[in-house]
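Remarks on the overall topology
Here's the letter readout for the chains.
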Amino acid sequence: MNGDVRSMNPYNKSLDFAEIDMSEIKEQSDSLQEMTIPERRDRPVQGASLSVQELTRERRFVKQAKEWAEREGEPSLYVPFMSYWPTFEQMNEEQQGWFFYWRSEMRQGRHPFTDLSYIFVYLYELIHGVGWKEPEQGYELLIELWDAYQSMFPKMNSYMVDWICDFVLVHKLNLPLMDIVMRSSSAKSGELFDLELKRTLENEPSELSLEQILTLSDYDLQRSKFYMSGGRALMEAYVPKVVVLVDSYLRKTTGKNLVDTFYKGNGKTIERYLFRSAVYDTELYGRTLPLRIYQLRKCPPLRYYMTQLIRCTENKLRELHHFKGRLRGISLMKETWILIERFLEKEYTEATKPAGPVISIDPERLATLQKDSEEVRSMLTVEDELIVEEIQQEWIPAIESMADGVKEIEPRAERWGNDSLEVGPSAEISPQSMELSLNSVTDVSLLQTDLIVQQAELAQGDDTNQVDLNPNIVWDTSSLDEDWLLFTEQLGQAHLEALYALKEASDSVNDIAEKYGMMPALLLDEINELAMETIGDLVVDGESIAVDYIDHFALLGRNGRGGVE
């Protein structure tokens, strides 16, 4: 059998398993598993002399990085470099030459192509304070490096999020971290997100996005028909504003913000490992950092309230956007409900208001026109007194004859706000009281025309007031319960006419709203507000009566001869 083994072995050596030391393999395996978090060594005694070989890999790196902190790189050719935990020790002379040239370019704000391993060595330097004097400067360099190479190396994101956040925490920089956390999908579900969510909601709720707010809700907004049918942009724009509005309202009325109102826990303290998976000397900032975490995403009262805010906002946006269908089962205090609806009506109306024309004024052209105007004015006023005399002789008789017509309609004109109209023989015309122009004849003709039109309009108005074009709408409420009776008692004639139009599926709601000087949406909104205050639900769904309540309007009709038709 030994002969067979020798024939299979290309090196013509028999295999003896006793020569293999299994304990050595186990030690190598254990060391590989612990590579991500280097073991913490005891701090060396001051004054003791240690050789380079006695230092850990992390300390050797820091020592070399500080020695070469000011080293400038000469122009060099790019040399590939790949290492799992890259340090200067893994580089040959050509690779070191390229690294220091590339680092010099980085410090000048230029970002040449390079390998990811070179980038990590530069990152390790920044973590250990090499290349900057103030922590804020180090933070800016980290962000610059990330922005420059993240598209080229997407795998950087998971490392950069943790390391930059650790950098901010250990240096106690007063910088928001939410934008950084949102760059990594793994960080958005971790402790850093919880930390930033509480800080932002307490201090700067206006900085929260819809995506961040939805982590506090049980409502699956992305499955909403309104959201999928074009309402996404509206929800992203208005939901954060509503959260800020309600938070401000709570602060003003109760002295508490959203977090204080609904979260009653004390949080928990965790130990966060610093600069995980980096070549990092734990003697610099320590191995871990204690953090107090408040898990707002696991607070049922807060989640329920945020869900109601989001659904209420969507309902009002559906109405303003003329989207059919409403969400039901929304539970909010009356004051909060009205606050949200009034706010959205104002914001949405302002946002959809058509912009006026853009007027651009040319200063040189304006100066030229002013100069020309002054020249014409001086020409027209040379013989001002003579012109006035001619106009008096020619037009005063005509004005006197029109004055008689004015006296006849004066009582009616008072109702139209024409108290300031003064035309008659007593009117004085002088150079000081009027300026004559080439259009004087036209002005007098227009005045006469206006008087005739006013007479016609007044006469027409008198005839119209004598005709009842819209008989009253009445509602037989004898079969309705107490809540519905309370609802009907608060309805005005405009509300009844609008409800009758919706019941008959007619298109006259716009005419009714115009008749009473209201917007159609606001008229229907008032009806729903009264319904919410009395029966606790909406009776108008889009542009029709809600199906659940159509039977309640069976006896709503026009007041015919002594009864409901």
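Residues numbered from 1 in each chain as written. Predicted model: local features only at pLDDT ≥ 70, side-chain atom pairs only at ≥ 80, totals over all residues. Heavy atoms only, no water.

**A few points about the overall build of the protein**
Scanning the protein from terminus to terminus reveals 22 helices and six strands. Taken over 565 residues, the protein has a buried fraction of 39%. The long-range fraction of contacts in the protein, counting pairs at least 24 apart against all pairs at least 6 apart in sequence, stands at 64%. When the accessible surface of the protein is summed, it comes to about 34,600 Å², and 51% of that surface belongs to carbon and sulfur atoms. (Helix = DSSP H or I, 4+ residues; strand = E, 2+ residues; numbered from the N terminus. Buried < 20%, exposed > 50% of the residue type's maximum accessible area, 1.4 Å probe, protein only. Contact = heavy atoms within 4.5 Å. Areas by Shrake-Rupley, 256 points an atom, 1.4 Å probe, with all protein chains shown as cover.)

**A look at the nonpolar core**
Ranked by internal contacts, the top residues of the largest apolar core, which has 100 residues, are Phe99, Trp102, Ile180, Met235 and Phe275. With residues up to four places along the chain from it excluded, the contact list for Met235 reads Leu210, Leu221, Phe226, Tyr227, Pro240, Ile310, Glu314 and Leu317. Within the second largest apolar cluster, 29 residues are counted, among which are Val509, Ile512, Ala513 and Tyr549. (Core = buried A, V, L, I, M, F, W, Y, C linked by side-chain atoms within 4.5 Å.)

**Focus on the layout of surface pockets**
Think of a ball as big as a water molecule: rolled over the atoms, this probe shows where empty space is left. The calculated volume of the largest pocket comes to roughly 650 Å³. Forming the boundary of the largest pocket are 29 residues, of which His322, Pro520, Ala521, Leu524 and Glu543 lie nearest the centre. Elements supplying a minimum of two residues to the lining of the largest pocket: helix 14 (300-320), helix 15 (334-352), helix 21 (509-515) and helix 22 (520-534). With six residues, the single largest contributor to the lining of the largest pocket is helix 22. For the lining of the largest pocket, the class distribution of residues is 12 nonpolar, seven polar and 10 charged. (1 Å grid on protein atoms, 1.4 Å probe; cavity = no way out; pocket = protein on both sides within 12 Å on 5 of 7 lines; lining within 4 Å. Points joined across faces, edges and corners; volume = space filled by probe spheres on them. Nonpolar A, V, L, I, M, F, W, Y, C, P; charged D, E, K, R; others polar.)

**Considering the environment of Glu482**
Along the chain, Glu482 turns up in helix 19 (residues 482-489). For Glu482, a relative accessible area of 67% translates into the label exposed. Sequence spacing of Glu482 and Thr534 is 52 residues, and the spatial spacing of their C-alpha atoms is 9.3 Å.

**Some points on the pattern of salt bridges**
Following the criterion strictly, the structure yields 28 salt bridges and no others. Here Glu529 ties to Arg342 by a salt bridge, and the two come within 3.1 Å at their closest N and O atoms. Placement of Glu529 in helix 22 and of Arg342 in helix 15 is noted, with a sequence separation of 187 residues between them. Here Glu529 falls in the buried class, since its relative accessible area comes to 13%. Linked through salt bridges whose partners overlap, the residues forming this network are Lys316, Glu319, Arg342, Glu345, Asp525 and Glu529. (Salt bridge = Lys/Arg side-chain N within 4 Å of Asp/Glu carboxyl O.)

**Quick word on the packing of helix 5 (residues 116-127) against helix 6 (residues 135-149)**
The description of two packed helices rests on the angle between their axes and on the distance between the axes. The contact between helix 5 and helix 6 brings their axes to 10 Å, and the two run at 165 degrees. By the angle between their directions, the pair helix 5 and helix 6 is classed as roughly antiparallel. Between helix 5 and helix 6 lies a crossing of left-handed hand. Within the contact between the two elements, helix 5 uses Ile119, Tyr122, Leu123 and Leu126 and helix 6 uses Leu141, Leu142, Leu145 and Tyr149. Classifying every residue of the contact of helix 5 with helix 6 gives eight nonpolar, no polar and no charged. (Axes fitted to C-alpha atoms, helices over the stretch in contact; angles between N-to-C directions. Parallel < 35°, antiparallel > 145°, perpendicular 65-115°, else oblique. Left-handed = near helix turned anticlockwise from the far one by under 90°.)

**Here we look at a nonpolar patch on the surface**
A cluster of nonpolar side chains, namely Tyr78, Phe113 and Met152, defines an oily patch on the protein surface of about 290 Å² accessible area. Within the fold, Met152 resides in the loop between helix 6 and helix 7 (156-170). (Patch = residues over 30% accessible without salt bridge, like charges linked within 9 Å, V, L, I, M, F, W, Y side chains within 5 Å.)

**Examining the packing of aromatic side chains**
A full pass over the atoms with the stated rule returns 33 aromatic pairs. Geometrically, the ring pair formed by Trp68 and Phe100 is edge-to-face, given 5.6 Å between the ring centres and 90 degrees between the ring planes. Taken together, the positions of Trp68 in the loop between helix 3 (57-67) and helix 4 (93-107) and Phe100 in helix 4 put the pair 32 residues apart, joining distant regions of the chain. Classification of Trp68 as partly exposed rests on a relative accessible area of 22%. (Phe/Tyr/Trp six-rings, centres within 6.5 Å; stacked < 30°, edge-to-face > 60°.)

**Points about the side chain of Arg311**
Within the secondary structure, Arg311 is located in helix 14. Comment: no salt bridge for buried Arg311; closest opposite-charge side chain is Glu314, at 6.6 Å. Leave out the neighbours within four places in its chain, and Arg311 touches Tyr219, Leu327, Arg328 and Ile330. (Lys, Arg positive; Asp, Glu negative; His and termini not counted.)

**Remarks on the environment of Met160**
Assignment of secondary structure puts Met160 in helix 7. Considered as a pair, Met160 and Val181 are 21 residues apart in the sequence and their alpha carbons are 9.7 Å apart. Beyond its immediate chain neighbours, meaning those up to four positions away, Met160 contacts Leu123, Leu142 and Trp146.

**Thoughts on helix 15**
With 19 residues, helix 15 ought to run about 27 Å at 1.5 Å a step, and its terminal C-alpha atoms sit 27 Å apart, in line with that. Among all positions of helix 15, only Thr336, Trp337, Ile340, Glu341, Leu344, Glu345 and Tyr348 are buried. Summarising the axial view, the buried residues of helix 15 lie within an arc of 165 degrees, below the 170-degree limit, and thus occupy one face. Residues of helix 15 that are buried sit in contact with helix 11 (225-254), helix 14 and helix 22. (Expected span 1.5 Å × (residues − 1). Arc of directions from axis to C-beta.)

**Thoughts on the packing of helix 15 against helix 22**
Between helix 15 and helix 22, the shortest axis-to-axis distance is 12 Å and the interhelical angle comes to 170 degrees. Taken together, the axis directions place helix 15 and helix 22 in an arrangement best described as roughly antiparallel. Contacts between helix 15 and helix 22 involve Lys334, Trp337, Ile338, Glu341, Arg342 and Glu345 from the former and Leu522, Asp525, Glu529, Met532 and Glu533 from the latter. Residue composition of the contact of helix 15 with helix 22, grouped by class: four nonpolar, no polar and seven charged.

**Quick word on the environment of Val259**
Take Val259: it is sitting in helix 12 (residues 258-262). Taking relative accessible area as the criterion, Val259 reaches 3% and is therefore assigned buried. Once residues within four sequence positions are removed from consideration, Val259 is found in contact with Leu201, Glu202 and Leu296.

**Details of helix 6**
Its 15 residues place the ends of helix 6 22 Å apart at the C-alpha level, agreeing with the 21 Å of an ideal helix rising 1.5 Å per residue. Within helix 6, burial applies to Pro135, Gly138, Tyr139, Leu141, Leu142, Ile143, Leu145, Trp146 and Tyr149.

**Observations regarding the confidence of the model for the protein**
Put simply, the protein has an average pLDDT of 77, and 70% of its residues get 70 or more. Of all secondary-structure elements in the protein, the lowest mean pLDDT belongs to helix 1 (residues 2-8), at 39, while helix 5 reaches the highest, 97. Contacts for the low-pLDDT stretch residues 1-52, under 50 throughout, to residues beyond four places or in other chains number 31 contacts. (pLDDT = per-residue confidence, 0-100.)

**Examining unusual backbone geometry**
Of note, Lys172 is a non-glycine position whose phi angle comes to about 55 degrees, a positive value. Mapped onto the elements of the fold, Lys172 is located in the loop between helix 7 and helix 8 (178-181). Positive phi, normally seen in glycine, also occurs at His322, with a value near 55 degrees. Looking at where His322 falls in the secondary structure, it is placed in the loop between helix 14 and helix 15.

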